[in-house]
Amino acid sequence: MADARAPIFDKVALIGLGLIGSSIARGIRTYGAAKRIAASDSSADVVARVRELAIADEVTQNVAEAAKGADLVILCVPVGACGEVARALAPHLAPGAILSDVGSVKAAIVAQVAPHVPAGVHFIPAHPIAGTEYSGPDAGFATLFQNRWCILTPPDGAEAEAMRKLSAFWTRLGANVETMSASHHDLVLAVTSHLPHLIAYNIVGTAADLEEVTQSEVIKFSASGFRDFTRIAASDPTMWRDIFLNNKDAVLEMLGRFDEDLTALRRLIRTGDGDGLFTLFTRTRAIRRSIIEQGQDTAAPDFGRAAPREE
Ligand code: NAP
């Protein structure tokens, strides 16, 4: 039987060392998922910082150098940069290597990356459903993926051994692995992630533009609900611009459903249908309960925030 703690890969190359790339690097070290880590980022500042943090064995601005001899290469750059990075590193991928990514949309990444993948290289897109509103190499931490889902979207006919190794890698980093098609992933994420972010960006933008309520009042009384939207609306602008541009159809479809439901809700309020409102709010409360039961969030009041100190 294989040693459960033995490294799964000899050399993993991480391209893009922001929140996700640097968390993978730290996770590989902490959980012994690979013998060596090569890190590459287009930003000289990020490269310098990753060297200081000492979270990789090789650190370079040159993607080709990082990819050379790697048996797993993971693109951890914004969705819109994946095609260009894949084109640059494709000639340097070792035969038999696995090429993967962590992008928050999948069909658009497949369309951008797949044409560059050389024969003999296994391209298996992935998306770890884990993150925070922070960016950059200092934001990452080894336990980011613990008890979070990682969705793999293998193309038809993906090699079983490559799938096994990539699944084992994410499991070693603490994730639960699930497999689905790229288009189904995009639909699921449109409703669970992309639409909520769009709503948060919209609410925070609306509050910022209000004329009848001052900005200082919005901030002062934010703990009544608004504050929780601002956490989501503080997410990285580049990442989220790319997500909406690259998952346009699924987001627009979910936005259409949202509009219809909002119209129904408006009618319940207008007609004073308290029973209708109560029924909906009871249903939504049950969803929150299921999320907690499945360990996807804390049951602590106020999301576990420390209670304000009594003076
Ligand atoms: P991030 O913290 O902004 O890091 C991205 C890094 O990639 C930055 O250091 C960036 O450098 C670098 N980069 C940009 N273009 C590049 C290129 N062409 N070549 C090499 N490096 C390049 O972003 P992140 O949150 O880690 O997100 C990375 C990927 O993970 C995205 O595809 C995102 O959709 C996905 N993801 C994010 C989350 C999340 O919650 N954050 C969750 C799951 C998946 P510069 O700073 O100089 O641009």
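Residues numbered from 1 in each chain as written. Predicted model: local features only at pLDDT ≥ 70, side-chain atom pairs only at ≥ 80, totals over all residues. Heavy atoms only, no water.

Caption draft 1: Just the side chain of threonine 153, in detail. Relative to the assigned elements, threonine 153 resides in the loop between strand S8 (149-152) and helix H6 (160-172). In this structure threonine 153 touches Lys106, Pro125, Met180, Ser181, Ala182 and His185, once residues within four positions along its chain are discounted. (Helix = DSSP H or I, 4+ residues; strand = E, 2+ residues; numbered from the N terminus. Contact = heavy atoms within 4.5 Å.)

Caption draft 2: Looking closely at the site of the ligand. In the region of the ligand, 26 residues are neighbours, and Ile20, Asp41, Val77, Ser104 and Gly136 sit closest. One of the backbone N or O atoms of serine 42 is found 3.2 Å from a nitrogen atom in the ligand. Measuring from an oxygen atom of the ligand, one finds a backbone N or O atom of valine 77 at 2.8 Å. Burial of the ligand by the protein chains amounts to 82% of its free accessible area of 900 Å². Listed by contribution, the elements that provide at least two residues to the shell around the ligand are helix H1 (19-31), helix H4 (82-89) and strand S7 (126-128). Looking at the shell around the ligand residue by residue, the classes come out as 13 nonpolar, eleven polar and two charged. (Near = heavy atom within 4 Å. Polar contact = N/O pair within 3.5 Å; in protein donor to acceptor, adjacent residues only side chain to side chain. Areas by Shrake-Rupley, 256 points an atom, 1.4 Å probe, with all protein chains shown as cover. Nonpolar A, V, L, I, M, F, W, Y, C, P; charged D, E, K, R; others polar.)

Caption draft 3: Region of the structure containing the pattern of salt bridges. Applying the stated rule across the entire model yields twelve salt bridges. Measuring nitrogen to oxygen at the nearest pair gives 2.8 Å for the salt bridge that ties glutamate 161 to arginine 164. With glutamate 161 and arginine 164 both in helix H6 and three residues apart, the pair spans about one turn of that helix. Accessibility expressed as a relative area gives 39% for glutamate 161, which makes it partly exposed. For the salt bridge of arginine 241 with aspartate 242, the shortest nitrogen-to-oxygen distance reads 3.0 Å. The exposure class of arginine 241 is partly exposed, given its relative accessible area of 49%. Where salt bridges share partners, they join Lys11, Arg36 and Glu58 into one cluster. (Salt bridge = Lys/Arg side-chain N within 4 Å of Asp/Glu carboxyl O. Buried < 20%, exposed > 50% of the residue type's maximum accessible area, 1.4 Å probe, protein only.)

Caption draft 4: A look at the domain arrangement of the protein chain. Looking at the assigned domains, one finds that the protein chain contains domain 1 (9-180) and domain 2 (184-293). The centre of domain 1, based on its C-alpha atoms, is set 30 Å off from the matching centre of domain 2. Across the domain 1 to domain 2 interface the summed buried area is about 1200 Å²; carbon plus sulfur atoms make up 64%. The interface formed by domain 1 and domain 2 includes one salt bridge. For the salt bridge of glutamate 133 with arginine 231, the shortest nitrogen-to-oxygen distance reads 3.3 Å. Applying the counting rule to domain 1 against domain 2 returns eight residue pairs in polar contact (both at pLDDT 80 or more). A total of three residues in the side of domain 1 that touches domain 2 trace back to one element, the largest contributor, which is helix H5 (residues 107-113). Here the side of domain 1 that touches domain 2 is composed, by residue class, of nine nonpolar, six polar and two charged. (Domains from an automatic or database assignment. Buried area = accessible area lost by both parts, 1.4 Å probe.)

Caption draft 5: Quick peek at H1. With 13 residues, H1 extends 18 Å between its outermost C-alpha atoms, agreeing within 8% with the 18 Å of an ideal straight helix rising 1.5 Å per residue. The buried fraction of H1 amounts to eleven of the 13 residues, a majority that puts the element mostly inside the structure. The set of residues buried in H1 consists of Leu19, Ile20, Gly21, Ser22, Ser23, Ile24, Ala25, Arg26, Gly27, Ile28 and Tyr31. Residues of H1 that are buried in the fold lie against strand S1 (9-15), strand S2 (34-40), helix H2 (44-53), strand S4 (72-75), S7 and H6. Following H1 by one or two positions, glycine 32 has its phi on the positive side, about 60°. (Expected span 1.5 Å × (residues − 1).)

Caption draft 6: Spotlight on the state of the cysteines. Tallied over the entire structure, the rule returns zero disulfides. Looking at the unpaired cysteine 76, the closest cysteine sulfur is the one in cysteine 82, lying at 8.7 Å. When its relative accessible area of 11% is taken as the criterion, cysteine 76 is described as buried. Residue class for cysteine 82 comes out buried when judged on its relative accessible area of 1%. (Disulfide = S-S within 2.5 Å.)

Caption draft 7: Focus on the packing of aromatic side chains. Across all of its chains, the model carries four aromatic pairs by this definition. Ring centres of phenylalanine 145 and tryptophan 170 lie 5.1 Å apart, and the angle between their planes is 85°; this geometry places the pair in the edge-to-face category. With a gap of 25 residues between them, phenylalanine 145 in the loop between S7 and S8 and tryptophan 170 in helix H6 connect regions that are remote in the sequence. Centroid distance tryptophan 240 to phenylalanine 244: 5.8 Å. Interplanar angle 45°. Geometry classified as tilted. One end of the pair, tryptophan 240, and the other, phenylalanine 244, are both in helix H10 (residues 237-246), four residues apart, so they sit about a helical turn from each other. (Phe/Tyr/Trp six-rings, centres within 6.5 Å; stacked < 30°, edge-to-face > 60°.)

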